[in-house]
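Each chain, letter by letter, is given below.
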Amino acid sequence: MIVATHRNLHDLVKKGVFREDLYHRIYVFPLSLPPLRDRDGEIPALVKHFAAQVCEVNGWKPKVFLPEAIQELQRYSWPGNVRELRNMVERLLLLADGAVDAALVRLALPAGDGEVQVMAPVQSGSLAERTDAFEREQILAELKRHHQRMTDTARALGLERSHLYKKCQALGIDLRAMRSGGA
């Protein structure tokens, strides 16, 4: 049996909140594994492994993670550890049209200011509809973060300004209403 926890069981036994007999039953051969944020050198190999695994399971064509995308992934703190990284790899594979680049990683990762971007998951609709909803939420979050400054928002998303304007129009984002405080 393998048991995993992020808590110090010995301290919990001392405090009386974890049963001592259970502690001695499971604490036979302890392994300590540092969090992923302390092992960022392992991220490239993990990304490659998870990408191959996800593509094989889903019958998808393999996609390349560009070096700058890997660097972006290595900058993130990974509070959810390896499981969060695996989920992120799958999300990136779903979103990428071709190779996964740094702009896509920045788009998919939680906001850098410590604020997690909470998106209501789209439970129905085609993949295109779900992707549009995701893109809309990301663009709106970046517009808010950059106070509707299109140049800064486009740069943060890795887009040309003209492409951002076209995306907003296609996704039904009313920039005039946003600037006037209406949306």
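To keep things clear, this report deals only with the structure shown in the data block. (Residues numbered from 1 in each chain as written. Predicted model: local features only at pLDDT ≥ 70, side-chain atom pairs only at ≥ 80, totals over all residues. Heavy atoms only, no water.)

### With respect to the side chain of R39
The line we're drawing: Helix and strand assignments come from DSSP, with helices taken as H or I runs of at least 4 residues and strands as E runs of at least 2, each series counted from the N terminus. Here a polar contact is recorded for every N or O atom pair within 3.5 Å, except that within protein the pair must consist of a potential hydrogen donor and a potential acceptor, and residues adjacent in sequence are included only if both atoms are side-chain atoms. Here, residues are in contact when the closest pair of their heavy atoms is within 4.5 Å.
Mapped onto the fold, R39 is located in the loop between α2 (20–26) and α3 (43–58). Separated by 2.8 Å, the side chain of R39 and the backbone oxygen of P34 make a polar contact. In this structure R39 touches L33, P34 and V82, once residues within four positions along its chain are discounted.

### Concerning the pattern of salt bridges
We apply this condition: For salt bridges, the criterion is a side-chain nitrogen of Lys or Arg within 4 Å of an Asp or Glu carboxyl oxygen. Note on exposure labels: buried denotes an accessible area under 20% of the residue type's maximum, exposed denotes more than 50%, and partly exposed covers the range between, all computed with a 1.4 Å probe on protein chains only.
One pass over the structure, following the stated rule, counts nine salt bridges. R19 serves as the salt-bridge partner of D21, at 2.9 Å between the closest nitrogen and oxygen. Here R19 falls in the exposed class, since its relative accessible area comes to 53%. A salt bridge links R155 to D152, with the nearest nitrogen and oxygen atoms 3.3 Å apart. With R155 and D152 both in helix α8 (residues 150–157) and three residues apart, the pair spans about one turn of that helix.

### So, the packing of α8 against helix α9 (residues 161–170)
Applicable threshold: Helix axes are fitted only over the stretch in contact, all axes being lines through C-alpha atoms; the angle between N-to-C directions runs from 0 to 180 degrees. Oblique is the label for any angle not under 35 degrees, not over 145, and not in the 65 to 115 range, which are roughly parallel, roughly antiparallel and roughly perpendicular in turn. Asp, Glu, Lys and Arg are counted as charged, while Ala, Val, Leu, Ile, Met, Phe, Trp, Tyr, Cys and Pro are counted as nonpolar; the rest, among them Gly, fall into the polar class.
α9 packs onto α8 with a crossing angle of 95° between their chain directions and a minimal axis gap of 9 Å. Relative to α9, α8 is oriented roughly perpendicular. For the pair α8 and α9, contact is made by M150, T151, T153, A154 and L157 and by R161, L164, Y165 and C168, respectively. Across the contact of α8 with α9, the residue classes tally to six nonpolar, two polar and one charged.

### Re the environment of R176
The topology assignment puts R176 in helix α10 (residues 175–179). Spatially, the C-alpha atom of R176 lies 27 Å from that of P110, the residues being 66 residues apart in sequence.

### Considerations on the nonpolar core
For clarity, the cut-off: We define a nonpolar core as any set of buried Ala, Val, Leu, Ile, Met, Phe, Trp, Tyr and Cys residues linked to one another through side-chain atoms lying within 4.5 Å.
F65, L73, W78, L85 and L92 are the most contacted members of the largest nonpolar core, which totals 39 residues. Secondary structure elements with two or more residues in this core: α3, α4 (67–75), α5 (81–95), α6 (102–108), α7 (127–145), α8, α9 and α10. When residues in this core are grouped by element, the largest group, seven residues, is from α3. For F65, the contacting residues outside a window of four places in its chain are V47, A51, I70, L73, V89, L92, L93 and V100.

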